[in-house]
Amino acid sequence: MATSETSNIKRLQVRRFKPEENPKSTYLTEETGIWAWMTTVDHKKIGLMYLASILFFFFVGGTLALLLRTELLTPAQSFITADTYNQIFTLHGAIMVFFFLVPSVPAALGNFVLPLQLGCKDVAFPRVNLLSYYIYVIGAVFTLIAIFTGGVDTGWTFYTPYSATTGGNVMMMTLGVFILGFSSILTGVNFIVTIHRLRSPGQTWNKISLFLWSLYATSIIQILATPVLAITLLLLTMERALHIGIFDPALGGDPVLYQHFFWFYSHPAVYIMIVPGFGIVSEIISTFSRKHIFGYWAIALSSLAIAFIGFLVWGHHMFTAGQSSLANMVFSFLTFLVGIPTGIKIFNWVATMYKGSIDMKTPMLYIMAFLFLFMIGGFTGIMLGSLAVDIHLHDTYYVVAHFHYVMMGGMVMAFLGGLHYWWPKMFGKMYNEFWARIACVVIFIGFNLTFLPQFVMGSMGMPRRYFNYLEQFQGYHQASTYGSYILGIGFLIIAAYLLHSLLRGKKAPPNPWGSRAMEWQTSSPPSLHNYEHTPVVINGPYDYHKPMSEFQLGIEGSHNGHGEHQHTETKTVEADK
Amino acid sequence: MAQTSANVKKGDHVQHHFVDSDQQFESAKMGMWIFLVTEILFFGGLFLAYIVFRSWYPELYLMASDHLDTFWGAVNTVVLIGSSLTVAMAIRSAQLNQQKGLIINLAITIALACIFMVIKYFEYTHKFDLGIYPGAYYAYDGIAHDKANIFFSIYYMMTGLHGIHVLIGIGLMIWLIVRARKGHFHSEYYTPVEITGLYWHLVDIIWIFLFPLLYLID
Amino acid sequence: MSGHHISSAKFLWGVGIVLLVLTFITVAVTWIEIPSPWNVVVAIAIAVVKAAVVAMFFMNLWWDTKFNILLLVMSIIFFMILVGITLLDTLYRTDPIPSF
Ligand code: HEM
Ligand SMILES: [Cu+2]
């Protein structure tokens, strides 16, 4: 590939295209109306539709979590029965993982930003993109049906043989998640092809943003791991429908095999849930430090390394499941390797901030929270990966705290950072900076109050997934519950000022953060076709030492296939493509 | 890659976000290959179950595969290879603007796919008559092994899922014929034929592995 | 124009015939009794050759971009990871669960 790219130098007439301050027509003002939205193939609108859906599910999952925490205020049963409790934590987990976290950054933010950062008009397969959204909706409908026709009480992991024999409507739920998997796969296919084929003239692999690299790595995980989840859930469905017995010890099958199947997807899936967040961190840290990213290739390639190593470690979820001790040792060893590329990333981010002119705007504030919380989550992950320690900690609140630190402290913080970062681009409106910072601080405090005590009680032996507990843990549980209320308040504040911003927000300039990245070089919000010209790239997205004018080049007289333009000063660049 | 050949004019079939026909074709093909990767791992899960249980119970596989008819398995292999050949010929016809050849080759492919399904149907019903059902419903005592049901669960899952892929392929091919009759395909644009062909060949490849693994255990 | 390789009809028929011959061979080797692990090895080896022939000459990977070849190779590698590491467990359990 590299050879044909360098041997293919073309001379292009380019000129500067300054993004319009007050665009008359944007993607939001064109093709409006319910039907136009529902049948749109525009990646920006599909991104927003995803965004609305995942926020809805985040709200549902969050409400369920508050119910759980409220029940746990007292050691004995207060208002939820044991069975209902099991159903609620199952739904909370399944909704948060499959309906919120997995699609949160790739399908919602990624869909919106990816083509903008590539300078193309849309993803490679716009109709497939829309299809993937509807598949997501169908999967969601199946899940809702499952909830209202018996519920599911297996936990989000659907372990056999329990899931094959318990009551409720497990089949609907697994079918729902099965269907959802295809939506995830299609997004992955779309992103990989788009990044390969639709880059702007001059945009070589070393000039795409690190967010794109992270989406690329994520998409690779999605296409390699998700099909295994699909077959797992299909087998489980068949297990319930036809009693095929492959996972059922009563029929001669092997339940531990189910766990291999499941975690071969779900460990890589936790990287689906965090690697896109890494991408956002790189973008925001560079933008708000006004500095070239430190170690571009180290960060880009460590995403791929994480994607790869992530496939080798799934057995660390099965240390106590009856797996052979040989496998236990191998998995424990391999798990430690994950720490290396992750550490490389953290190092490079901190090095990027070093001597930068740091501007603690809201997105950056969230990224600071990310760095702090994700470190704790990552280190406790390594602890859990140590075989002997995990025998003690497995299935305790320590594990619960670990994955909430990475998923919520990591990914949700990155998601919120990204949401605040790209909000002006999406809607052309600014939000209230003061309240945004308040909310961030409230969330940070609430989060730690909720989950730090869980580490402590977990290491003292409080098992997970119980609706009552020994009295000695009450103090920790109460702290945790109050923390979760604070968290809830934080999210309510966000909802309030974002709504306000939508309705009454100040108009956003095209590039409120002074970023060099490509998506900021078009109007806010962008026009229906993203750019009015064919963008040409000669600098990387983090070259803060170059003047802004060099980031706004487009092919002279190209009009991107639309409308006419005035010609002003032109210059010639060499673009290798 | 991304060589943009200026002499290819932007035809009707090129969607607005592609620069030219070539970029669109290459993108579609790459997209299909990525999708095939997911198909391979999808079936890969079943192959894993097959391998694990075979490593545990080698004698079970020996006994059970005696009850699969090698002859019909081989016939089906030949049928699918033939259909792969006709799909390849169909693509060739499209590349050469041979409207008629395209339709005929697709029709033969569909016919072969149907033959495959009919043979599979008879194999299945024959087993059902004997009481060879998957898992818990297994009710045949001709195999002296208490895990025989597991072998047939795996057999039914693998061949069943493969059969569903064949049915999907038939559907796709019918759709191609409908479009071909409307003259949608020509040497500049035959992307759907090409990527359906890729899909069909993969279905063939999976059968190429299923055949020796299930039928040919001596 | 990469990817627009047009095979001659003769060539395609040739590939088809090779595949049929290989199918015959894979059935035929079961008539001569090869001892236990090797019969599987031979069967898989022939299947791999057949699959490779289909992939290269029917699916045109032979003339395709390297990335598409890489994709196929990658899927095989990850399938082997899935199987290989799972076998580390299932082959070495002191008390395999199924025989409780
Ligand atoms: C530094 C890298 C990480 C390491 C070494 C690590 C290690 C582990 C280990 C060993 C467990 C099993 C604990 C047990 O069940 O006994 C675990 C559980 C878990 N981890 Fe991590 N982890 C890491 C990062 C992540 C990330 C980034 C996420 C998600 C974004 C994540 C999500 C989870 C989840 C959801 C579970 C619990 C699954 C369940 O049983 O329900 N981990 N982790
Ligand atoms: Cu894990």
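Residues numbered from 1 in each chain as written. Chains lettered and ligands numbered in written order. Predicted model: local features only at pLDDT ≥ 70, side-chain atom pairs only at ≥ 80, totals over all residues. Heavy atoms only, no water.

Visitor: Would you explain the overall build of chain A in this entry?
Guide: Of regular secondary structure, chain A possesses 17 helices and 3 strands. Taking 577 residues into account, the globule formula puts the C-alpha radius of gyration at 25 Å, and chain A, at 24 Å, falls close to it. If one aligns the C-alpha atoms of chain A with their principal axes, the spans along those axes are about 75 × 50 × 50 Å. Counting over 577 residues, chain A shows a buried share of 64%. When the accessible surface of chain A is totalled, it reaches about 19500 Å², and 69% of it is carbon and sulfur. In chain A, the 32 positive side-chain charges and the 28 negative ones have mean positions that sit 9 Å from each other. (Helix = DSSP H or I, 4+ residues; strand = E, 2+ residues; numbered from the N terminus. Rg over C-alpha atoms; globule rule 2.2 N^0.38 Å. Buried < 20%, exposed > 50% of the residue type's maximum accessible area, 1.4 Å probe, protein only. Areas by Shrake-Rupley, 256 points an atom, 1.4 Å probe, with all protein chains shown as cover. Lys, Arg positive; Asp, Glu negative; His and termini not counted. Charge placed at Lys NZ, Arg CZ, Asp CG, Glu CD.)

Visitor: Can you walk me through the overall build of chain C in this structure?
Guide: For chain C, the count of helices and strands is 3 helices and 0 strands. Reading the helices (α) and strands (β) of chain C from amino to carboxyl end gives α-α-α. Its C-alpha radius of gyration of 19 Å places chain C more than 25% over the 13 Å reference for a compact globule of 100 residues. Across the 100 residues in chain C, those meeting the buried criterion constitute 49%. Pairs at least 24 apart in sequence give 60% of the contacts found in chain C among residues at least 6 apart. When the accessible area of chain C is evaluated, it comes to approximately 5200 Å², of which 79% is carbon and sulfur surface. Mean positive and mean negative side-chain charge positions of chain C (4 and 4 charges, respectively) differ by 19 Å. (Contact = heavy atoms within 4.5 Å.)

Visitor: Explain the interface of chain C and chain B here, please?
Guide: How big an interface is tends to be stated in terms of accessible area lost as the parts join. The interface is formed by 50 residues belonging to chain C together with 47 residues belonging to chain B. Between chain C and chain B, roughly 4400 Å² of surface is buried when both sides are summed, and carbon and sulfur atoms account for 74% of that area. Ranking the residues of chain C by area buried against chain B places His-4, Phe-58 and Met-59 of chain C at the top, with a combined share of 14%. Taken together, the links from chain C to chain B amount to 1 salt bridge. The partner of Lys-29 of chain B in a salt bridge is Asp-64 of chain C, and the shortest N-O contact between them spans 3.2 Å. Contributing elements (two or more residues each) for the side of chain C that touches chain B: helix 1 (9–28), helix 2 (36–58) and helix 3 (66–90) of chain C. It is helix 3 of chain C that provides the largest number of residues to the side of chain C that touches chain B, a total of 12 residues. Looking at the side of chain C that touches chain B residue by residue, the class counts come to 30 nonpolar, 16 polar and 4 charged. (Buried area = accessible area lost by both parts, 1.4 Å probe. Salt bridge = Lys/Arg side-chain N within 4 Å of Asp/Glu carboxyl O. Nonpolar A, V, L, I, M, F, W, Y, C, P; charged D, E, K, R; others polar.)

Visitor: Is there a simple way to explain the coordination of the copper ion (ligand 2) in this structure?
Guide: For a metal with four tetrahedral donors the ideal donor-metal-donor angle is 109.5 degrees, while six octahedral donors give ideal angles of 90 or 180 degrees. All names here are of chain A. The protein atoms that coordinate the copper ion (ligand 2) are His-267 (ND1), His-316 (NE2) and His-317 (NE2), at distances spanning 1.9 to 2.1 Å. Motif for the copper ion (ligand 2), donor spacing along one chain: H-x48-H-H. Between the copper ion (ligand 2) and the iron atom of ligand 1 the interatomic distance amounts to 4.4 Å. With a gap of 49 residues between them, His-267 in helix 9 (residues 255–272) and His-316 in the loop between helix 11 (296–309) and helix 12 (325–353) connect regions that are remote in the sequence. A residue is classified by how much of its surface remains accessible, and His-267, at 5% relative accessible area, is buried. (Donors = N, O, S within 2.8 Å, 3.2 Å for Na, K, Ca; no water.)

Visitor: Just checking my understanding: could you explain the pattern of salt bridges for this structure?
Guide: Pairing is possible between side chains of opposite charge, provided their charged atoms come close. Applying the stated criterion across every chain yields a total of 10 salt bridges over all chains. A salt bridge links Arg-197 of chain A to Glu-26 of chain B; the nearest nitrogen and oxygen atoms lie 3.7 Å apart. In this pair, Arg-197 of chain A is assigned in helix 7 (residues 170–197) and Glu-26 of chain B in helix 1 (residues 21–56), connecting two distinct chains. Among the residues examined, Arg-197 of chain A registers a relative accessible area of 6% and is labelled buried. You can call Glu-26 of chain B buried: its relative accessible area is 4%.

Visitor: How should the packing of aromatic side chains be read in this particular structure?
Guide: Each aromatic ring pair is summarised here by two numbers: the centre-to-centre distance and the angle between the ring planes. The full count for this structure, using the stated rule, is 83 aromatic pairs over all chains. Here the aromatic rings of Phe-211 of chain A and Trp-422 of chain A are separated by 4.9 Å at their centres, their planes lie at 45°, and the arrangement is tilted. Linking Phe-211 of chain A in helix 8 (residues 210–242) with Trp-422 of chain A in helix 15 (residues 397–427), this pair joins segments that are 211 residues apart in sequence. In this structure Phe-211 of chain A comes out as buried when scored by relative accessible area, which is 0%. In this structure Trp-422 of chain A comes out as buried when scored by relative accessible area, which is 0%. Relative to Tyr-133 of chain B, the ring of Phe-128 of chain B has its centre 5.1 Å away and its plane inclined at 15°; by these criteria the two rings are stacked. A residue is classified by how much of its surface remains accessible, and Phe-128 of chain B, at 30% relative accessible area, is partly exposed. Residue Tyr-133 of chain B is classed as partly exposed on the basis of its relative accessible area, which comes to 33%. The structure contains a cluster of three or more aromatic residues connected by ring pairs, namely Tyr-50, Tyr-61, Tyr-124, Phe-128, Tyr-133, Tyr-138, Phe-151, Phe-152, Tyr-155 and Tyr-156 of chain B. Here the basic side chain of Arg-15 of chain A rests over the ring of Phe-17 of chain A, its NZ or CZ set 3.9 Å away from the ring centre. Directly above the aromatic system of Trp-37 of chain A lies the positively charged group of Lys-45 of chain A, at a separation of 5.3 Å from the ring centroid. (Phe/Tyr/Trp six-rings, centres within 6.5 Å; stacked < 30°, edge-to-face > 60°. Lys NZ or Arg CZ within 6 Å of the ring centre and 35° of its normal.)

Visitor: Which parts of the structure should I look at to understand the interface of chain A and chain B?
Guide: On the chain B side, the residues contacting the 44 residues of chain A number 38 residues. Interface area for chain A against chain B, summed over the two sides, is near 3600 Å², with a carbon-plus-sulfur share of 73%. The three residues of chain A that bury the most area against chain B are Arg-197, Ile-231 and Ile-246 of chain A, which together make up 17% of that side's buried surface. Run the count over chain A and chain B and you get 1 salt bridge. Run the count over chain A and chain B and you get 4 residue pairs in polar contact (both at pLDDT 80 or more). Taken together, the elements giving at least two residues each to the side of chain A that touches chain B come down to helix 1 (2–6), helix 5 (126–148), helix 7, helix 8 and helix 9 of chain A. With 11 residues, helix 8 of chain A is the single largest residue contributor to the side of chain A that touches chain B. A per-class count over the side of chain A that touches chain B returns 27 nonpolar, 8 polar and 9 charged. (Polar contact = N/O pair within 3.5 Å; in protein donor to acceptor, adjacent residues only side chain to side chain.)

Visitor: How should I be thinking about the environment of Thr-187 of chain A in this particular structure?
Guide: Residues and elements named next belong to chain A. Residue placement: Thr-187 occurs in helix 7. Thr-187 sits in the buried class, given a relative accessible area of 3%. For the pair Thr-187 and Leu-499, spaced 312 residues apart in sequence, the C-alpha to C-alpha distance is 28 Å. Not counting residues within four places of it along the chain, the set of residues in contact with Thr-187 comprises Tyr-50, Ala-107 and Ser-132.

Visitor: I'm lost on the environment of Arg-504 of chain A in this one. Help?
Guide: Along the chain, Arg-504 of chain A falls in helix 17 (residues 474–504). Considering only alpha carbons, one finds Arg-504 of chain A and Met-430 of chain A, 74 residues apart in sequence, at a separation of 9.3 Å.

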